[in-house]
Amino acid sequence: VVSGTGTFADATVNNTVVNGLSVGANVFKWTISNGGCAVSESTVTINRDALPTVSVAGANQTLCADNATLAGNSPTLGVGTWTVVSGTGTFTSASQHNTTVTGLSVGVNVFQWSIVNGTCATPSVSTVTITRLDNPTISVAGANQNVCIATATLTGNLPTTGTGLWTVVSGTGTFADATVNNTSVSNLSVGANVFKWTISNGGCAVSESSVVITRDALPTVSVAGSDQTICLPTAVLSGNNATVGTGTWTTASGATIANPTQFNSAVSGLSVGANVFTWTIANGTCANSVSTVTITRLDNPTISVAGANQNVC
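Quantities reported herein were computed from a predicted structural model and do not represent experimental measurements.

## Overview of the sheet that holds strand 16 (residues 184-186)
Taken in spatial order, the 3 strands of this open sheet run 13-16-15, and their pairing is antiparallel. At either margin of the open sheet sits one strand with a lone partner, and together these are strand 13 (152-153) and strand 15 (174-175). Where strand 15 and strand 16 come together, 2 bridges link them in antiparallel fashion. Residue Thr 174 lies in a different strand from strand 16, and its bridge partner there is Ser 186.

Below you can see the structure in the form of structure tokens.
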């Protein structure tokens, strides 16, 4: 033994076995001698490679992007190499333990981190799984609605990727099932009720949109006023003033309504006989409230002619 370590099975045999080699260079000298002659000698170096560092490919990852940073361990003994087991991926540097991998396919991508050292036959290997999620379906909350009742049916789109969730942005509403795209919503407040339809898929950016459901209040109950009997061709209507909704006077009698949207509008051109006026109060999608009033115009009496004066006995 010149350097390193080694124990010969038989130091006099040219092809003896040597045991106990140390890691690294072990130098042995083979000396041939014959009596008093000058010896002949030469050396040989046997390098013993150590087993490679145990491979640790890193924790599994779930992400939305098409690239990731691998987190294998840095070898202290040996050289590491990344390879694709399944899925897709292109390494920036396959020999770097924390290299970037791009071109990940949607779904499961498996990568192997192999560490080898010299002539050691068996590398140390481990794998890591990077699951790439797809972006969620684009959210479409549906068309705005106007209703008169306290319930409605939402019309969001059905996600093909990810899961949806309804939430209340403003107003009020109780969902039958907030995860169903076309769920019913109850307890709508009068006015605008805004609902958001959010579609999410893991760590990907969410897609969201909103819809407005406007609940109209029932219109004020229409009261067209008391019937009238008059002699003139003009009159004043006496409907009630709408607090909810808009009122409109109409007639088929041919009379002229000065201001059809004014509850106490004047009318002219009344025809002799019954003139019927309808007071309609409407509000949004709610059913109209309707009532009528009759204004009867009497005709002037026949002109009185008492006859000629008379003298009688």
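## Examining unusual backbone geometry
A positive phi is found at Asn 187, a non-glycine position, where the angle reads about 60 degrees. Structurally, Asn 187 can be placed in the loop between strand 16 and strand 17 (191-200).

## Observations regarding the state of the cysteines
By the definition in use, this model includes 2 disulfides. Disulfide pairing places Cys 64 opposite Cys 204 at an S-S distance of 1.9 Å. Linking Cys 64 and Cys 204, the disulfide has an S-S dihedral of approximately 105 degrees and is accordingly described as right-handed. Residue Cys 64 is located in the loop between strand 5 (61-63) and strand 6 (67-69), and its partner Cys 204 is located in the loop between strand 17 and strand 18 (207-215); the two are separated by 140 residues in the primary sequence. Here Cys 204 falls in the buried class, since its relative accessible area comes to 5%. Between the sulfur atoms of Cys 148 and its disulfide mate Cys 286 the distance is 1.8 Å. Looking down the S-S bond of the Cys 148 and Cys 286 bridge, the torsion is 105 degrees, so its handedness is right-handed. Of this pair, Cys 148 sits in the loop between strand 12 (145-147) and strand 13 while Cys 286 sits in the loop between strand 24 (273-282) and strand 25 (289-297); the two residues are 138 residues apart in sequence, bridging distant segments of the chain. A relative accessible area of 5% means that Cys 286 is categorised as buried.

Rules of the game
Residues numbered from 1 in each chain as written. Predicted model: local features only at pLDDT ≥ 70, side-chain atom pairs only at ≥ 80, totals over all residues. Heavy atoms only, no water. Pairing = 2+ DSSP bridges. Helix = DSSP H or I, 4+ residues; strand = E, 2+ residues; numbered from the N terminus. Disulfide = S-S within 2.5 Å. Buried < 20%, exposed > 50% of the residue type's maximum accessible area, 1.4 Å probe, protein only.

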